[in-house]
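In case you want the letters, here they are:
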Amino acid sequence: MLKETVELTLSHVDLGTLGEQAAMTLVGNTFVHRLLEGKGHTLSEVKDANGHVAYPGFFMTHLSVPPAHLLEKHRVWEKVGVGIEVTSFGGMIVESTFVLGAPNEIPEEIDQLEEGTLPMVRAANMFVLEDSRGNEPQPSVPKRDCIADLPKRTTPPAAVARFGQVQIQGRVDPDFRPTMSARAPVRYPIVEGRDSAAGHALLFSSFVRIMDHALRTLLCEQAPTPVPVELVLCLAALERETWYLNNTYGDQVVLAKVGAKLEPCPRDLLAKDSGKVAAGILSCCTELYEESTNKLLIASKARQVFAVPATRKTLQKDVERLLANQSSV
């Protein structure tokens, strides 16, 4: 397993705490470092037998965060540890497991970690020709000497079959029944230089920002019973399963179809020393489309907890009110 220690700086978290998008970006960095471990070159130098650049695009990520170790536990100027184990199937598909925590909490092997102890990410990538990104992705196999020697799988990861299933269903959970749904798709313009690098597709972790924007728009603007902004700011990630079906570039508009459901939970769900109480669990399903083409880009399902400061009794009552009036939300 590769282990890295990263100082959370202004470029990661501004003046705040670790959030979901920044955590997923850290995961992406560590993935590339493991892929190129000991090679001495950059990702743009990974090529197939024909000399074409082969890019390992994410097609699935699944974040799981224990309530006792929320991502926000890690603050600016503190150090966070990231561990990764990677396997390869057929030279084309790569499956990874990541763990995040304080540097001294990262074990030598992920199997040594007790389930539900630290935030984890499971991910799957497929090598595709760089020039085919944004169109019909063309699978590719990098030359053996271009990437690190990875443990080999003899069977394809389960994510491969599940990807095809999500493509057909168009949703992560077709049985999900939201009690709050956007009246119309939420629009999000992709701006080069803000959301993506010029000439490049949107980074996989940047989709978190769009999904969070869509959910906030639903809760604060479109729900019949609006959710106070202060309460929305208390949401903390517990889980997100995301399937990356297509990508988009700058100067496009993404349309988000989002639905959510609020459920009660034990108030003592969070760590005792966090100074917060768990006021409720918000589950949501989101599908992102490219407006100009109607391409389905993302299908995702997430769970978040309203981690409300113990001293904010009014906000806690707001959640109780929303739960009581759920049928009219």
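Located above this text is the structure these notes cover.
It should be emphasised that the depicted structure is a prediction, and the values quoted were computed from it without experimental measurement. Residue indices follow the written sequence of each chain, beginning from 1 at its first position. Side-chain atom pairs in this predicted model are given and counted only at pLDDT of 80 or more, local residue features only at pLDDT of at least 70, and totals for whole chains, interfaces and linings cover all residues. The side-chain quantities take in all heavy atoms of the structure and omit both hydrogens and water.

Chemist: Honestly, the overall build of the protein chain in this entry has me stumped. Any pointers?
Modeler: Helix and strand assignments follow DSSP, with helices taken as H or I runs no shorter than four residues and strands as E runs no shorter than two, numbered in order from the N terminus. Helices and strands together make up the secondary structure of the protein chain, namely six helices and eleven strands. For a compact globule the rule gives 2.2 Å times the number of residues to the power 0.38, and the radius of gyration it is set against comes from C-alpha atoms. At 20 Å, the protein chain has a C-alpha radius of gyration in line with the 20 Å of a compact globule built from 329 residues. Its C-alpha atoms give the protein chain principal-axis dimensions of about 60 × 50 × 35 Å. Pairs of residues are marked as contacts when any of their non-hydrogen atoms sit within 4.5 Å. Residue pairs in contact within the protein chain that sit at least 24 positions apart in sequence constitute 75% of those at least 6 positions apart. With the model as given, the accessible surface of the protein chain reaches about 15500 Å², and the carbon-plus-sulfur share is 51%. His is not counted, nor are the chain ends; Lys and Arg add positive charge and Asp and Glu add negative charge. Charge positions come from single atoms, namely NZ of Lys, CZ of Arg, CG of Asp or CD of Glu. Across the protein chain, 34 positive and 40 negative side-chain charges occur, with their mean positions spaced 4 Å apart. In this description, accessible areas are obtained by the Shrake-Rupley approach with a 1.4 Å probe, and a residue is regarded as covered only by the protein chains that are shown.

Chemist: How should I be thinking about helix H4 (residues 207-222) in this particular structure?
Modeler: Residues three or four positions apart in an α-helix share a direction because the helix packs 3.6 residues into each turn. Here the expected length of a helix is defined as 1.5 Å per residue gap, with one fewer gap than residues. With 16 residues, H4 should reach 22 Å at 1.5 Å per residue; the first-to-last C-alpha distance of 21 Å fits that figure. For every residue, the accessible area obtained with a 1.4 Å probe (protein chains only) is divided by the maximum for its type, and the residue is called buried under 20%, exposed over 50%, and partly exposed between those limits. Buried within H4 are the following residues: Phe207, Val208, Ile210, Met211, Ala214, Leu215, Thr217, Leu218, Leu219 and Gln222.

Chemist: For this particular structure, what's the right way to read a nonpolar patch on the surface?
Modeler: Patch membership requires over 30% relative accessible area and the absence of a salt bridge. Like charges are linked within 9 Å, and nonpolar side chains (Val, Leu, Ile, Met, Phe, Trp, Tyr) within 5 Å. Whenever a carboxyl oxygen of Asp or Glu lies within 4 Å of a side-chain nitrogen of Lys or Arg, that contact is scored as a salt bridge. Together, Leu10, Leu15 and Trp77 give the surface a local cluster of nonpolar side chains, amounting to about 370 Å² of exposed area. If you trace the backbone, Trp77 turns up in the loop between strand E2 (54-64) and strand E3 (79-89).

Chemist: Where do I start with the nonpolar core in this structure?
Modeler: The nonpolar side chains of soluble globular proteins are, as a tendency, buried together. Nine residue types can take part in a nonpolar core, namely buried Ala, Val, Leu, Ile, Met, Phe, Trp, Tyr and Cys, and a core is a set of them joined through side-chain atoms within 4.5 Å. Counting residues in hydrophobic clusters, the biggest one holds 84 residues, and the most contacted among them are Phe207, Leu215, Leu282, Leu288, Val305 and Phe306. Leave out the neighbours within four places in its chain, and Phe306 touches Leu231, Val232, Cys234, Leu235, Leu262, Val277, Ala278, Ala279, Gly280, Leu282 and Val319. Formed by twelve residues, the second largest nonpolar core is a distinct cluster that contains Phe59, Ala124, Phe163 and Leu245.

Chemist: What should I look at first to understand the pairing of E3 in this one?
Modeler: Successive residues of a regular strand alternate their side chains across the two faces of the sheet. Sheet topology note: the strand E1 (residues 2-7)/E3 ladder contains six bridges and is antiparallel. When the bridges of E3 are listed, Leu2 appears paired with Ile84. With nine bridges joining them, E3 and strand E4 (residues 93-101) adopt antiparallel strand pairing. If you follow Ser88 over to E4, its bridge partner there is Val94. Turn length for the E3-E4 hairpin, with the two strands adjacent in sequence and antiparallel, is three residues, and the turn residue Gly90 shows positive phi of about 65°. By the convention used here, strands pair only if DSSP detects at least 2 bridges between them.

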